[in-house]
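# Geometric and topological summary
Residues per chain, in single letters:
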Amino acid sequence: MNFHELSVLDVFVAALLILVNGVISVALKLEIEKRLALATVRTLVQLVLLGYLLEWVFGQSDWRFILLLAVAMTLIAGYSAVDRVKRKLPNLRMTSTIAVLSSSWIVTSVALFGVLGYDAWKDNPAQYLIPFLGMVLGNTLNGISLGMDRLGESLVRRRGEVELILTLGGTRWEAAREAVRDAVRTGMIPILNSMMVVGIVSIPGMMTGQILSGTAPLEAVKYQIVIMFVIAAGTALGTIVAVMLSYRRLFNRSHQFLFDEIK
């Protein structure tokens, strides 16, 4: 298979498709033209800068620099994971950072050492570590955000039920069990939905990019399968860690519900 290199003109023609969104906005008076223009410019600038950055990063062989970059990515993901959480739970950002760090690094390590093997990436570790970790972080923080948001909302909505169970002698786990299950389930829904339709309704972006760049379809499929399973595991682990840590901070050892900790 041949690789067709896109020119600047080719990219510009594709960018013109955004005009469709603009026409719809004007026709329906959605008033999102400015936001659409800003989003278009940011997409172009950010991705071009990312391309130059990755080209430079992939040329690095110093493990200390690569690990420093991976840590920075993880900390940013952990910090931003809770920006959309409506109910502010105790130690929210620390909880999300611990969850992101533990889950994403575990599954990425399994992918690099257990699946690919050290020999596959020892000569250029950044080329494998950074993309793998980036994909896991992006999906994991989404699951954590959804899970923690649902946990707070569920506990507020079920406050009467939770306190009744505790009053009748129930444990903190018995009181919070349904809320925890609901939160973990919510955090895992997006990746489960993606797995249900992948290859039937949608072709993942990475697999599409590999095929267009000349990779044999079956080889691209193998990589996509690995990535989907790694992302699913990272999302599940991250969501569970975040929800369980929050649960432990909202119920003390005396089995009391610290409702006032939910802001």
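In case you missed it, the structure is sitting above this.
About the criteria used
Residues numbered from 1 in each chain as written. Predicted model: local features only at pLDDT ≥ 70, side-chain atom pairs only at ≥ 80, totals over all residues. Heavy atoms only, no water. Helix = DSSP H or I, 4+ residues; strand = E, 2+ residues; numbered from the N terminus. Buried < 20%, exposed > 50% of the residue type's maximum accessible area, 1.4 Å probe, protein only. Contact = heavy atoms within 4.5 Å. Core = buried A, V, L, I, M, F, W, Y, C linked by side-chain atoms within 4.5 Å. Salt bridge = Lys/Arg side-chain N within 4 Å of Asp/Glu carboxyl O. Phe/Tyr/Trp six-rings, centres within 6.5 Å; stacked < 30°, edge-to-face > 60°. Lys NZ or Arg CZ within 6 Å of the ring centre and 35° of its normal.

## Points about the overall build of the protein chain
Within the protein chain, the regular secondary structure consists of 11 helices and zero strands. Helices (α) and strands (β) of the protein chain occur, in sequence order from the N terminus, as α-α-α-α-α-α-α-α-α-α-α. Each principal axis of the C-alpha distribution contributes one length, and for the protein chain these read about 70 × 55 × 35 Å. Looking at the protein chain as a whole, 32% of its 263 residues qualify as buried. If you take every contact in the protein chain between residues at least 6 apart in sequence, the share linking residues at least 24 apart comes to 74%.

## Examining the nonpolar core
Within soluble globular proteins, side chains that are nonpolar generally end up buried alongside one another. Among the nonpolar cores identified, the biggest contains 49 residues, and Met148, Leu151, Leu155, Phe251 and Phe257 are the most heavily contacted of them. Listing elements by their share of this core, those giving two or more residues are helix H4 (63-80), helix H5 (92-116), helix H7 (125-157), helix H8 (159-167), helix H9 (172-197) and helix H11 (217-250). Take this core: its biggest share by element is 12 residues, from H7.

## Section: the pattern of salt bridges
For the structure on display, the rule yields eight salt bridges. Across the pair Glu161 and Arg158 runs a salt bridge, and its minimum N-O distance is 3.8 Å. Assessed through its relative accessible area of 40%, Glu161 is described here as partly exposed. Close ionic contact of Arg185 with Asp182 constitutes a salt bridge, the shortest N to O distance being 3.8 Å. Of the two residues, Arg185 and Asp182 are both situated in helix H9; the distance of three residues between them amounts to about one turn of the helix. Where salt bridges share partners, they join Arg150, Asp182 and Arg185 into one cluster.

## Thoughts on the environment of Gly22
Its location among the elements puts Gly22 in helix H2 (residues 18-28). According to the relative accessible area criterion, Gly22 is buried, its value standing at 18%. Once the C-alpha coordinates of Gly22 and Arg249 are considered, the two residues, 227 residues apart in sequence, prove to be 47 Å apart.

## Comments concerning the packing of aromatic side chains
Taken as a whole and judged by the stated rule, the model has seven aromatic pairs. Aromatic side chains Trp173 and Tyr247 sit 5.7 Å apart centroid to centroid with 75 degrees between the ring planes, which places their arrangement in the edge-to-face category. Note that Trp173 is positioned in helix H9 and Tyr247 in helix H11, a separation of 74 residues in sequence. Residue classification places Trp173 among the partly exposed residues on the basis of a relative accessible area of 33%. Between the aromatic rings of Tyr247 and Phe251, the centroid separation amounts to 5.6 Å while the plane-to-plane angle is 45 degrees, which identifies the pairing as tilted. Its relative accessible area of 5% is what places Tyr247 among the buried residues. Phe251 sits in the buried class, given a relative accessible area of 0%. Each residue in the set Trp63, Phe113, Tyr118 and Trp121 is aromatic and connected to the rest through ring pairs, giving one cluster. If you follow Arg93 out to its NZ or CZ, it ends over the ring of Tyr79, 4.0 Å from the centre.

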